[in-house]
6 protein chains.
Amino acid sequence: MSTTLPGADLEQNERVRAVFEDIRRTRGSDFINAFWRHLALDPALLEATWAEVQRTMVAPSALDPLTKELIYIAVSTANGCGYCVHSHTAAARAKGMTDAQYADLLAVIGLAGKTNHLATALQVPVDPVFDLRQDGGRA
Amino acid sequence: MSTTLPGADLEQNERVRAVFEDIRRTRGSDFINAFWRHLALDPALLEATWAEVQRTMVAPSALDPLTKELIYIAVSTANGCGYCVHSHTAAARAKGMTDAQYADLLAVIGLAGKTNHLATALQVPVDPVFDLRQDGGRA
Amino acid sequence: MSTTLPGADLEQNERVRAVFEDIRRTRGSDFINAFWRHLALDPALLEATWAEVQRTMVAPSALDPLTKELIYIAVSTANGCGYCVHSHTAAARAKGMTDAQYADLLAVIGLAGKTNHLATALQVPVDPVFDLRQDGGRA
Amino acid sequence: MSTTLPGADLEQNERVRAVFEDIRRTRGSDFINAFWRHLALDPALLEATWAEVQRTMVAPSALDPLTKELIYIAVSTANGCGYCVHSHTAAARAKGMTDAQYADLLAVIGLAGKTNHLATALQVPVDPVFDLRQDGGRA
Amino acid sequence: MSTTLPGADLEQNERVRAVFEDIRRTRGSDFINAFWRHLALDPALLEATWAEVQRTMVAPSALDPLTKELIYIAVSTANGCGYCVHSHTAAARAKGMTDAQYADLLAVIGLAGKTNHLATALQVPVDPVFDLRQDGGRA
Amino acid sequence: MSTTLPGADLEQNERVRAVFEDIRRTRGSDFINAFWRHLALDPALLEATWAEVQRTMVAPSALDPLTKELIYIAVSTANGCGYCVHSHTAAARAKGMTDAQYADLLAVIGLAGKTNHLATALQVPVDPVFDLRQDGGRA
């Protein structure tokens, strides 16, 4: 189900083809997933989003690639994005996630879902020691 | 702001004191945060939740403790639980999260927030290759 | 913190006063809470919302009043609306919610938060037996 | 997939038929979408919801019809309602949304998704200048 | 669609079989739904989750079983978990939910969805009378 | 309340000062709000986010500036980001939003919140006519 229908010839657009070829180079595969194909309706948005993915997920940084995919799955789950959960779980496996790590991830996500709800239902006030702005935000 | 007012003498309840002492032993500190103090209104719920935290976050497992806190922050952010974001960010720092790692975490959370929304707005269909149940779930 | 500042003389507007007096009659109290005072910026929206509350929460129906407040707290918690959690928890207490019932409510909300996240992370397919549209929605 | 199965003869109920005919008159088409057909299980709820749609989306007001559909798509996306995203995107196109406007809408929704997450992760305190209740809400 | 593929022989695992048999005994039916079959990828998580469901939903407590299912549907709806909405609506019907009660539930959920959004858009400040921590949370 | 404490001398960092001066030039004001000051903890993230805001919200495009702020408020409301609701409501007023337009916005957001919840509770299947991928996404 989708709100747009990607054309058969997306890569006739120069900008789209450039992004898709960069994705292929980066992934080491010909496959362009549905998210990128749908985003191609606006080449500027496609370019900007791919650039951000490269900057954040591909370039080496302080967190390792697998950890970043686990974070991505966590956010996508809480936001209820089924597409994203599927694609990032596949990416995590491709980056070496073991079954034991996946089980751990699920356990943490489930526990966080629970305590998020409990803390919100109880409207727990933030402990002052956690609040770096002891001025209560008025500064 | 809260929906309950924890009494001054929560630990007069034996079950509550037992949990609080276990928390203190585990954390190596006398501090019991507001979440646990509010949850103490129901000793059974307090016990069960603490047991799950021990099982999931404290006991050694396939993911290291810091990674699990990052996942927790990610879920809490997407769920909009301010208390949880505060307490788990403090926990992550206590477990060694550097400023560079925190910046990375923010970048991934922000990017995931964006692509979750884009994929949902576009109603992107799941690529068959991501769908382990090629029977479309009918089996 | 708010995005509007209710004037001191909200009830000089005839339509607003009519709604506020109806609220007072219904609640048996002079108190008009902040939600209604903020909504008064648009008398039409105030009237329509109060009418819906009367129809849904006040008029006798197939669910008893306390059950409906528990449902309201549950939705408000999952949606992260702190104001709503506060006001509907107070309403539930006013309608007779005991401490034991409140603890039960928290336990169910917490468990649902957890299993919602697990089912979404696992992208569990709906069992055919739950799906009343066995045509998969294509009819 | 659905939790109820609309009967084949929904319009044998007088109240349902009245609403459906009003929808047809308003839309200038015979088509009654699945949302209305499912809501028909309770004629009172169907009537009230349709009345609110007429009041809010159909009657001329300070915002033009297309702008209101864009707002509707935005809320539906953040709430993860796939049905709503589909139906309101179709409605927006019917009200004249161009491809360029759609691309703009996606860009804003994506950016808002990102900054919402960043602001929540950072727990940014509200600047006093944005807070019309300088009494911090205690008045 | 799913991110894992439950094997055909889940119950060859002793711990999984023990849980499934307990579920069958409790439900009075041979049917094990997809949620439990998917969770079986980690026997510890399966055991802990089932134990919590028994403790919270099955054991008699201050709220009756049907009320707890209604709360579960409410949370699942706000969280957008389609699987959960399906399975818990079926469970509610199995526990005696009538059509009139279901219509009521929908009306409350819809109204809560609306007022949650209005209160958040208006950023309504919590009335002091609702705030049991008159110290604004600084204690 | 916040998880970081912006230093007093943020603009000693060249990259931060460059962004802040660009913000001031664009807004025509000296004011740098708390979101940007908190984001300054990572100059790269600050630069990228500001660049995206300029590209999406500042540069002329197919949607007018006020419409884009209304969309932003809508997403921020559904996501429960209080900071964002505050700052973008202020921005919308600065861009000319009238009280009548604001009331309209609230009415649409509230109605969308309601129908999003109803459609999700009913698990309404997408009408084939809305689904541009008549292959059900398998292509």
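The structure presented is a predicted model; accordingly, all values stated were derived computationally and were not measured.

Engineer: Where do I start with the overall build of chain A in this structure?
Structural biologist: Along its length, chain A carries six helices and zero strands. Ordered by position from N to C terminus, the α and β elements of chain A give α-α-α-α-α-α. Taking all 139 residues of chain A together, 61% fall into the buried category. The long-range fraction of contacts in chain A, counting pairs at least 24 apart against all pairs at least 6 apart in sequence, stands at 49%. Of the roughly 5100 Å² of accessible surface on chain A, 53% is carried by carbon and sulfur atoms.

Engineer: When you look at the pattern of salt bridges in this model, what are you seeing that I'm missing?
Structural biologist: Any two side chains of opposite charge can pair, given that their charged atoms come close. All chains considered together, the criterion is met by 48 salt bridges over all chains. Note that Glu52 of chain B and Lys114 of chain C form a salt bridge whose closest N and O atoms lie 3.0 Å from each other. Placement of the pair is Glu52 of chain B in helix α3 (residues 43-58) and Lys114 of chain C in helix α6 (residues 99-122), with the two residues belonging to separate chains. Residue classification places Glu52 of chain B among the buried residues on the basis of a relative accessible area of 5%. Salt bridges linked by common partners bring Glu52 of chain A, Lys114 of chain B, Lys114 of chain D together with Glu52 of chain F together as one network.

Engineer: Quick question: what am I supposed to make of the state of the cysteines here?
Structural biologist: Residue and element names in this part refer to chain A. If you walk through the whole model with that rule in mind, you get six disulfides over all chains. Between the sulfur of Cys81 and that of Cys84 lies a disulfide, 2.3 Å long from S to S. Between Cys81 and Cys84, the S-S dihedral sits near 55°, and the bridge is therefore right-handed. Across the pair, exposure class does not vary: Cys81 and Cys84 are buried alike.

Engineer: Quick question: what am I supposed to make of the packing of helix α6 (residues 99-122) of chain B against helix α6 (residues 99-122) of chain D here?
Structural biologist: How two helices sit against one another is set out by the angle between their axes and by the gap between those axes. Put simply, α6 of chain B and α6 of chain D touch, their axes get as near as 8 Å, and they point 145° apart. With respect to the hand of their crossing, α6 of chain B and α6 of chain D are arranged in right-handed fashion. Each of Tyr102, Leu106, Ile109, Gly110, Gly113, Lys114, His117, Leu118, Ala121 and Leu122 of chain B in α6 of chain B lies in contact with α6 of chain D, whose residues at this interface are Tyr102, Leu106, Ile109, Gly110, Gly113, Lys114, His117, Leu118, Ala121 and Leu122 of chain D. Residues that form the contact of α6 of chain B with α6 of chain D fall into these classes: 12 nonpolar, six polar and two charged.

Engineer: Sorry if this is basic, but what is going on with the interface of chain B and chain A here?
Structural biologist: Interfaces are frequently sized by the accessible area removed from exposure as the parts join. On the side of chain A, 63 residues touch chain B, which itself brings 63 residues to the contact. For the pairing of chain B and chain A, the buried interface totals around 5800 Å² over both sides, and the portion due to carbon and sulfur atoms is 73%. When the buried surface of chain B facing chain A is broken down by residue, Leu111, Leu122 and Phe130 of chain B rank first, second and third, together holding 11% of it. At the surface where chain B touches chain A, the tally comes to four salt bridges. The interface formed by chain B and chain A holds 18 residue pairs in polar contact (both at pLDDT 80 or more) in total. Of all the secondary-structure elements, those providing two or more residues to the side of chain B that touches chain A are α2 (34-39), α3, α4 (65-78), α5 (82-94) and α6 of chain B. The element that contributes the greatest number of residues to the side of chain B that touches chain A is α6 of chain B, accounting for 18 residues. Class assignment for the residues of the side of chain B that touches chain A results in 37 nonpolar, 19 polar and seven charged.

Engineer: Where do I start with α6 of chain C in this structure?
Structural biologist: Along an α-helix, residues three or four apart share an orientation, since each turn contains 3.6 residues. Residues and elements named next belong to chain C. Under the 1.5 Å per step criterion, the end-to-end length of α6 is 35 Å for 24 residues, consistent within 8% with the ideal 34 Å. By the criterion of burial, α6 is predominantly enclosed, with 22 of the 24 residues buried. Phi turns positive, to about 50°, at Gln123, one or two residues after α6.

Engineer: Would you explain the relation of the copies chain B and chain A in this entry?
Structural biologist: Put simply, the two copies of the chain differ by a rotation about an axis and a shift along that axis. For the pair chain B and chain A, the best superposition has an RMSD of 0.0 Å and corresponds to a rotation of 180° with a translation of 0.0 Å parallel to the axis. What we have between these two chains is a two-fold relation. Residue by residue, 100% of the interface of chain B is reproduced at the interface of chain A, so both copies engage with the same surface.

Engineer: Help me understand the domain arrangement of chain A in this model?
Structural biologist: Residue and element names in this part refer to chain A. Domain boundaries in chain A define domain 1 (8-59) and domain 2 (61-139). Relative placement of domain 1 and domain 2: their C-alpha centres are 27 Å apart. Domain 1 puts six residues into the contact, and the matching count from domain 2 is six residues. Carbon and sulfur atoms supply 56% of the area buried between domain 1 and domain 2, which totals about 510 Å² over both sides. Here domain 1 and domain 2 share zero salt bridges between them.

Engineer: Where do I start with the UniProt feature "domain: Carboxymuconolactone decarboxylase-like" (unreviewed entry) in chain A in this structure?
Structural biologist: The feature "domain: Carboxymuconolactone decarboxylase-like" (unreviewed entry), as given by UniProt, occupies residues 47-124 of chain A in the numbering adopted here. With 81% helix and 0% strand, residues 47-124 of chain A has its two end C-alpha atoms placed 42 Å apart.

Engineer: Explain the packing of aromatic side chains to me, please; I cannot follow it from the model alone.
Structural biologist: In this description, a pair of aromatic rings is defined by centroid distance and the angle of the planes. Tallying each qualifying case throughout the model produces 24 aromatic pairs over all chains. Ring plane angle 70° and centroid distance 6.3 Å describe the contact between Tyr83 of chain C and Phe130 of chain E, whose orientation is recorded as edge-to-face. Of this pair, Tyr83 of chain C sits in helix α5 (residues 82-94) while Phe130 of chain E sits in the segment after α6 (99-122), each in a different chain. Like Tyr83 of chain C, the residue Phe130 of chain E is buried in the burial classification. Geometrically, the ring pair formed by Phe35 of chain F and Trp36 of chain F is edge-to-face, given 5.1 Å between the ring centres and 70° between the ring planes. The pair formed by Phe35 of chain F and Trp36 of chain F is uniform in burial state, with each residue classed as buried. These aromatic residues form a ring-pair network of at least three members: Phe31 and Tyr83 of chain A together with Phe130 of chain B. Taking NZ or CZ as reference, Arg93 of chain A lies 5.2 Å from the ring centre of Tyr102 of chain A, over its face.

Engineer: Explain the packing of helix α4 (residues 65-78) of chain F against helix α5 (residues 82-94) of chain F here, please?
Structural biologist: Residues and elements named next belong to chain F. Put simply, α4 and α5 touch, their axes get as near as 9 Å, and they point 165° apart. When the axes of α4 and α5 are compared, the pair comes out roughly antiparallel. Helix-helix and strand crossings are classified by hand; for α4 and α5 the assignment is left-handed. Facing α4, whose interface residues are Leu66, Glu69, Tyr72, Ile73, Ser76 and Thr77, α5 presents Cys84, Val85, His88, Thr89, Ala91 and Ala92. Broken down by class, the residue content of the contact of α4 with α5 amounts to seven nonpolar, four polar and one charged.

Engineer: Can you walk me through helix α1 (residues 14-27) of chain D in this structure?
Structural biologist: Residue and element names in this part refer to chain D. Along its 14 residues, α1 runs 20 Å from first to last C-alpha, staying within 8% of the 20 Å computed at 1.5 Å per residue. Where α1 is concerned, the buried positions are Val16, Val19, Phe20 and Ile23. Along the axis of α1, the buried positions cluster into a sector of 100°, meaning they face one direction only. For α1, exposure combined with an orientation more than 90 degrees from the buried face picks out Glu14 and Arg25. Two or three places before Arg15, at the opening of α1, Asn13 has a side-chain oxygen 2.9 Å from that residue's backbone nitrogen. Backbone geometry just downstream of α1 places Gly28 in the positive-phi region, at approximately 70°.

Procedures and definitions
- Residues numbered from 1 in each chain as written.
- Chains lettered and ligands numbered in written order.
- Predicted model: local features only at pLDDT ≥ 70, side-chain atom pairs only at ≥ 80, totals over all residues.
- Heavy atoms only, no water.
- Helix = DSSP H or I, 4+ residues; strand = E, 2+ residues; numbered from the N terminus.
- Buried < 20%, exposed > 50% of the residue type's maximum accessible area, 1.4 Å probe, protein only.
- Contact = heavy atoms within 4.5 Å.
- Areas by Shrake-Rupley, 256 points an atom, 1.4 Å probe, with all protein chains shown as cover.
- Salt bridge = Lys/Arg side-chain N within 4 Å of Asp/Glu carboxyl O.
- Disulfide = S-S within 2.5 Å.
- Axes fitted to C-alpha atoms, helices over the stretch in contact; angles between N-to-C directions.
- Left-handed = near helix turned anticlockwise from the far one by under 90°.
- Nonpolar A, V, L, I, M, F, W, Y, C, P; charged D, E, K, R; others polar.
- Buried area = accessible area lost by both parts, 1.4 Å probe.
- Polar contact = N/O pair within 3.5 Å; in protein donor to acceptor, adjacent residues only side chain to side chain.
- Expected span 1.5 Å × (residues − 1).
- Least-squares fit on C-alpha atoms with pLDDT ≥ 70 in both.
- Domains from an automatic or database assignment.
- UniProt positions renumbered as here; feature names shortened; annotations may be inferred.
- Phe/Tyr/Trp six-rings, centres within 6.5 Å; stacked < 30°, edge-to-face > 60°.
- Lys NZ or Arg CZ within 6 Å of the ring centre and 35° of its normal.
- Parallel < 35°, antiparallel > 145°, perpendicular 65-115°, else oblique.
- Arc of directions from axis to C-beta.

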